[in-house]
Amino acid sequence: AGRSIFFDVDMWFPRDTVTKLAAHNKPIVGGVYHQRQTPFYPHVYENYGDENAPRSKRIINLQPHMVVDSIGTGCLMVAKEVYEKIGPKPYVLRYVPIDVLIGEDINFCYQAKAQGYEINADSTLDLIHIGTINVNREEAMKCASQWRPF
């Protein structure tokens, strides 16, 4: 089965990233990475609300491998079948009636879940989010006691 891999340009990935993501053998799996500002929140979310008023809160109790509602797509592997079900515009920004902008990564996850797919997250990869501060898993976890879901 064909797969796509997405790597953001402001990220650093270990050599075995593709191998580790593929080993999950899931239609959608992403590596967990962290925001570049303290307290370095992880980019994994639990959704609540409905289609007209969607909201997300951060998942702060990371497990090595977990099913989430949405994930940042800076390190993401997606099977071809997912795109075939979602259709021609899987990555678009979306505005909802309550004046909320849903980013393309979160909107992709909403669309995939609507088609019955799970969003799998792997927090064991040592990904680095590059910026003024380069944030890896070890540095982010030093701030974990400060993490809040909202």
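Look a little higher up for the structure.
Predicted model only: the values in this text are computed from it and were never measured.

What counts, and at which threshold
- Residues numbered from 1 in each chain as written.
- Predicted model: local features only at pLDDT ≥ 70, side-chain atom pairs only at ≥ 80, totals over all residues.
- Heavy atoms only, no water.
- Helix = DSSP H or I, 4+ residues; strand = E, 2+ residues; numbered from the N terminus.
- Phe/Tyr/Trp six-rings, centres within 6.5 Å; stacked < 30°, edge-to-face > 60°.
- Buried < 20%, exposed > 50% of the residue type's maximum accessible area, 1.4 Å probe, protein only.
- Lys NZ or Arg CZ within 6 Å of the ring centre and 35° of its normal.
- Pairing = 2+ DSSP bridges.
- Axes fitted to C-alpha atoms, helices over the stretch in contact; angles between N-to-C directions.
- Contact = heavy atoms within 4.5 Å.

A.B. asks: Would you mind showing me how to read the environment of asparagine 61 here?
C.D. replies: Mapped onto the fold, asparagine 61 is located in the loop between β5 (55-58) and β6 (65-68). Measuring from C-alpha to C-alpha, the distance between asparagine 61 and tryptophan 147 comes to 9.2 Å, with 86 residues separating the pair along the chain.

A.B. asks: Just checking my understanding: could you explain the packing of aromatic side chains for this structure?
C.D. replies: Describing an aromatic ring pair means giving the distance of the ring centres and the angle of the ring planes. Under the counting rule described, the total for this entry stands at two aromatic pairs. The interplanar angle of 40 degrees and the centroid separation of 6.2 Å between the aromatic rings of tyrosine 83 and phenylalanine 108 together place this pair among those described as tilted. One end of the pair, tyrosine 83, is in helix α2 (residues 80-86); the other, phenylalanine 108, is in helix α3 (residues 104-114), and 25 residues separate them in sequence. Assessed through its relative accessible area of 18%, tyrosine 83 is described here as buried. For the cation-ring pair, arginine 58 lies above tyrosine 41, with the distance from its terminal atom to the ring centre recorded as 3.7 Å.

A.B. asks: Looking at this structure, how should I read the sheet that holds strand β8 (residues 75-79)?
C.D. replies: Note: strands within a sheet are paired through backbone hydrogen bonds, in either parallel or antiparallel orientation. Ordered by their spatial adjacency, five strands build an open sheet running β1-β8-β3-β11-β6, and the pairing between neighbours is mixed. With partners counted over all chains shown, the strands left at the sheet margins are β1 (3-7) and β6, one partner each. Put simply, the sheet's adjacent strands are angled 20 degrees from each other on average, direction ignored. In this sheet, β8 lies alongside β1 in antiparallel orientation, the contact comprising five bridges. Counted as the bridge partner of phenylalanine 6 is leucine 76 from β8. Its contacts with the sheet put α3 on β3 (28-31), β6, β8 and β11 (119-122), and the angle it makes with β11 is roughly 125 degrees.

A.B. asks: Sorry, what's going on with unusual backbone geometry here?
C.D. replies: Glycine aside, the phi torsion of most residues is negative, and most peptide linkages are trans. Of note, the amide linkage connecting threonine 38 to proline 39 takes the cis form, showing an omega dihedral of 10 degrees. Assignment of secondary structure puts proline 39 in the loop between β3 and β4 (44-48). Positive phi is not limited to glycine here, since asparagine 25 has a value of about 55 degrees. The topology assignment puts asparagine 25 in the loop between α1 (17-23) and β3.

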